[in-house]
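# Architecture at a glance
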Amino acid sequence: MAEMVKSTTSSGPRTADASPVTRFFRATEIDTRLLGMIGALVIIWIGFHIITGGLFLTPRNLWNLSVQTTDIAIMTTGMVLIIVTRNIDLSVGSVLGLCGMIMGVTQAKILPEYIGFDSPFTWVITLLIGIIAGALIGTFQGMIIAFLNVPSFIVTLGGLLVWRGATWLVTSGQTVAPMDQTFRIMGGGAEGSIGATWSWVVGIAACLFVIASIIGSRHQRRRFGFPRRPLWAEYFLAILSCFLILGAVSIANSYYWPINIAKKYAETNNIPWPETGLDIPYGIAVPVLIAIVVGIIMTFIATRLRFGRYVFAIGGNPEAAELAGIKTRWVTVRIFALMGILAAIAAAISTARLNAATNSQGTLDELYTIAAAVIGGTSLAGGTGTIAGAMLGALVMQSLQSGMVLAHVDTPLQSVVVGTVLVVAVWLDTVYRARAK
């Protein structure tokens, strides 16, 4: 009982006067804005499920939705840091396209002459070259913004045009295909999934990680004398997190390979084909795992490293940050270099999923990436934003697109809906911040 009293996160009178719901949110420290986004996402899913006659909330569509979200989700983690520092990057879609084309040409035309097409090192070399190209592009743009004092809007708008044109020049507009077999694993599909067993292993490991994080956080708060959540709140968060993780794994394992692919697999591995067919679960897709790992790393960078604190300090007050000794120009360069690396990773996933590098890759992705960050709570005024919120915003954006496609909504009307949602999201953000003050 004493532990429960000591662990409260609010002062006595204030907590006593609050409603049960308010006390619950204070105790659990759940971000109400993030919870509101989850509520909006649930409403979108249920609405499209009804409109599409039960097609949206199926394992197949949810699995495809998770894979389709990865490109934007990965890039929006970097866009958060850029917008937080009061900058913008309009070139990420074109950088994705150029890096994708470079990786396509590398593995389909250059490397086969030296190490063969199916070499086990092809995908590693290809990915490294793509990441280096993205980092160089991001660094170049960051240097112009930081040291030549050209606004990021202008620099990246020029980059949008330059890198898109460079994508066409690499192959004179030709599509490059096919991709290396191992490289294609990053795109998902039957070969790019880890199956049921490993999916449960990953899910259980994720649950243990969450529990360990909660325990570690509690110990840290006790060590430094910070207020701790009540024990019941810790248990609630642990149970809820594990329920959501294992539920997602269960859905991924409920989607099975198509019959033709399953038959081919059975023939290759000398497995007798049963009369009822062979149900082989996809499990978690590899690109989804990549996006989750990127999200964890970016969250660690933004919240745990000195670099992340510098980013938010610059966004809050650039002049004060510079007077405090922060090398704001080099921080800006690093942010854009990091954005280039993330665009290259997204390019690898996109190219692997298409099994080709095309000139149209990444078209309008810059707008969807910015929209996802803003919908996820990143303020265009700078200083505020979360990685988790931005990735959830990417899922909201992709859910709208996927639902409208299933509902046979015309493409022009889809653009109208997405644009309206973006404007409303910015308006709600403005209202929220005005009330917070």
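Residues numbered from 1 in each chain as written. Predicted model: local features only at pLDDT ≥ 70, side-chain atom pairs only at ≥ 80, totals over all residues. Heavy atoms only, no water.

### Describing the overall build of the protein chain
- What the protein chain contains, in helices and strands, is 19 helices and zero strands.
- A compact globule built from 437 residues would reach a C-alpha radius of gyration of about 22 Å, and the protein chain, at 23 Å, matches this within 12%.
- Over its C-alpha atoms, taken along the principal directions, the protein chain stretches across nearly 70 × 65 × 45 Å.
- Counting every position in the protein chain, which comprises 437 residues, the buried fraction comes to 44%. (Helix = DSSP H or I, 4+ residues; strand = E, 2+ residues; numbered from the N terminus. Rg over C-alpha atoms; globule rule 2.2 N^0.38 Å. Buried < 20%, exposed > 50% of the residue type's maximum accessible area, 1.4 Å probe, protein only.)

### Structural notes on empty space enclosed by the protein
- With the rule as written, the count across this model stands at one cavity of 30 Å³ or more.
- The calculated volume of the largest cavity comes to roughly 40 Å³.
- Surrounding the largest cavity, Asp 89, Ser 91, Val 92, Val 95, Gly 138, Gln 141, Phe 336, Met 339, Gly 340 and Ala 343 form its lining.
- Those elements giving two or more residues to the lining of the largest cavity turn out to be helix H6 (92-110), helix H8 (122-147) and helix H16 (328-354).
- With four residues, H16 is the single largest residue contributor to the lining of the largest cavity.
- Taken together, the residues of the lining of the largest cavity sort by class into five nonpolar, four polar and one charged. (1 Å grid on protein atoms, 1.4 Å probe; cavity = no way out; pocket = protein on both sides within 12 Å on 5 of 7 lines; lining within 4 Å. Points joined across faces, edges and corners; volume = space filled by probe spheres on them. Nonpolar A, V, L, I, M, F, W, Y, C, P; charged D, E, K, R; others polar.)

### Here we look at unusual backbone geometry
- The residue after Ala 177, namely Pro 178, is reached through a cis peptide bond having omega -10 degrees.
- Position of Pro 178 relative to the elements: it lies in the loop between helix H9 (152-171) and helix H10 (195-224).
- In the Ramachandran plot, Ser 172 falls in the positive-phi region, its phi being about 55 degrees despite a non-glycine side chain.
- Note that Ser 172 resides in the loop between H9 and H10.

### Details of the packing of helix H14 (residues 306-316) against H16
- Two elements in contact, H14 and H16, have axes separated by 10 Å at closest approach and are oriented at 110 degrees. Taken as axis vectors, H14 and H16 run roughly perpendicular relative to one another. On the side of H14, the interface is formed by Phe 307, Tyr 310, Val 311 and Ile 314, while H16 contributes Thr 328, Val 331, Arg 334 and Ile 335.
- Here the contact of H14 with H16 is composed, by residue class, of six nonpolar, one polar and one charged. (Axes fitted to C-alpha atoms, helices over the stretch in contact; angles between N-to-C directions. Parallel < 35°, antiparallel > 145°, perpendicular 65-115°, else oblique. Contact = heavy atoms within 4.5 Å.)

### Quick look at the packing of aromatic side chains
- Tallied over the entire structure, the rule returns eleven aromatic pairs.
- Ring geometry for Phe 24 against Trp 232: centres 6.0 Å apart, planes inclined by 25 degrees, an arrangement best described as stacked. A residue pair is termed long-range when its members are at least 10 positions apart, and Phe 24 in helix H3 (residues 20-28) and Trp 232 in helix H11 (residues 231-253) qualify at 208 residues.
- Given a relative accessible area of 27%, Phe 24 falls into the partly exposed group.
- For Trp 232, a relative accessible area of 37% corresponds to the partly exposed category.
- For the pair Trp 45 and Phe 56, a centre-to-centre distance of 6.4 Å together with 50 degrees between the ring planes defines the contact as tilted. One end of the pair, Trp 45, is in helix H4 (residues 32-51); the other, Phe 56, is in the loop between H4 and helix H5 (59-84), and eleven residues separate them in sequence.
- Three or more aromatic residues joined by ring pairs make a cluster, and in this case those are Phe 24, Phe 25, Trp 232 and Phe 236. (Phe/Tyr/Trp six-rings, centres within 6.5 Å; stacked < 30°, edge-to-face > 60°.)

### Quick notes on the confidence of the model for the protein chain
- Across the protein chain, the average pLDDT comes to 90, with 95% of residues at 70 or higher.
- In the model of the protein chain, helix H1 (residues 2-6) stands out as the element of lowest mean pLDDT, 40, in contrast to H16, which has the highest, 97.
- Per-residue pLDDT stays below 50 along residues 1-15; that stretch engages in 25 contacts with residues further than four places along the chain or on separate chains. (pLDDT = per-residue confidence, 0-100.)

### Some words on the layout of surface pockets
- Counted as a void, the second largest pocket has a volume near 600 Å³.
- What lines the second largest pocket is a set of 24 residues, and nearest its centre among them are Arg 33, Gly 36, Met 37, Ile 375 and Leu 428.
- Counting residues per element, the ones that place at least two in the lining of the second largest pocket are H4, helix H17 (365-375), helix H18 (387-406) and helix H19 (411-436).
- The greatest single-element share of the lining of the second largest pocket, amounting to seven residues, is contributed by H4.
- Here the lining of the second largest pocket is composed, by residue class, of 13 nonpolar, eight polar and three charged.

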